Amino acid sequence: MDNGNLRAVWKDNHENQMGLQFLGESMVQYVIFKRREPDQPISRVAGRDTLKGLKRQIDAFELGSFRS
């Protein structure tokens, strides 16, 4: 990014997406888009957390394939 932070985006074939901006000092800014059911709207969440907290968000949204 222009501000010197590293940004990464993961997408899959099911309209799920996770974008991260690494802020330093083990902090990350994130946005997660998750389609839970084919006929339901996409769930969205965004925030800032520690790397450990982000792992909990990934587990909560069942995006374990993004951790591999």
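Please read these numbers as outputs of a predicted model, since none were measured by experiment. (Residues numbered from 1 in each chain as written. Predicted model: local features only at pLDDT ≥ 70, side-chain atom pairs only at ≥ 80, totals over all residues. Heavy atoms only, no water.)

### Side note on the overall build of the protein
For clarity, the cut-off: In this description a helix means any DSSP run of H or I spanning at least four residues, a strand means any run of E spanning at least two, and both kinds are numbered starting from the N terminus. Note on classification: 1.4 Å probe, protein chains only; a residue is buried when its accessible area is under 20% of the maximum for its type, exposed when over 50%, partly exposed between these limits. Contacts are residue-level and defined by heavy atoms, with any inter-residue pair within 4.5 Å sufficient. Using a 1.4 Å probe, the Shrake-Rupley method yields the accessible areas, and only the shown protein chains count as cover for residues.
On a plain count of helices and strands, the protein comes out with one helix and four strands. With respect to the three principal axes, the spread of C-alpha positions in the protein is 40 × 25 × 20 Å. Out of the 68 residues in the protein, the part that is buried amounts to 25%. Long-range pairs, those at least 24 residues apart, make up 24% of the contacts in the protein with a sequence separation of at least 6. Surface accessibility of the protein: about 4900 Å² in total, with carbon and sulfur atoms responsible for 46%.

### Some remarks on the pairing of strand β2 (residues 17-24)
We apply this condition: At least two bridges found by DSSP between two strands is the condition for calling them paired.
Two strands pair when backbone bridges link them, and strand β1 (residues 6-11) and β2 are joined in this way by six bridges, in the antiparallel orientation. Paired with Trp-10 across the two strands is Met-18, which belongs to β2. From the end of β1 to the start of β2, which pair antiparallel, there are five residues, and Glu-15 there has a positive phi angle of about 70°. Here β2 folds back onto strand β3 (residues 27-34), and the loop between the two strands holds two residues, one of which, Glu-25, carries a positive phi near 50°.

### Some points on the nonpolar core
In globular proteins that are soluble, nonpolar side chains generally tend to be buried together. Applicable threshold: The criterion is simple. A nonpolar core is a set of buried Ala, Val, Leu, Ile, Met, Phe, Trp, Tyr and Cys residues joined through side-chain atoms within 4.5 Å.
Of all hydrophobic cores here, the largest spans ten residues; its members are Met-18, Leu-20, Val-28, Tyr-30, Ile-32, Leu-54, Ile-58, Phe-61, Leu-63 and Phe-66. Elements represented by at least two residues in this core include exactly β2, β3 and α1 (51-60). A total of three residues in this core trace back to one element, the largest contributor, which is β3.

### Notes on the environment of Lys-11
Residue position: Lys-11 is located in strand β1. With a relative accessible area of 62%, Lys-11 lands in the exposed category. For the pair Lys-11 and Met-27, spaced 16 residues apart in sequence, the C-alpha separation works out to 21 Å.

### Quick look at the confidence of the model for the protein
Predicted coordinates in areas of low pLDDT are best not read in detail. We apply this condition: Confidence of the predictor at the level of single residues is given by pLDDT, which spans 0 to 100.
Looking at the protein, pLDDT values average 89 and 94% of them are 70 or higher. Considering each helix and strand of the protein separately, the mean pLDDT is smallest for β1, with a value of 92, and largest for strand β4 (residues 43-50), with 96.

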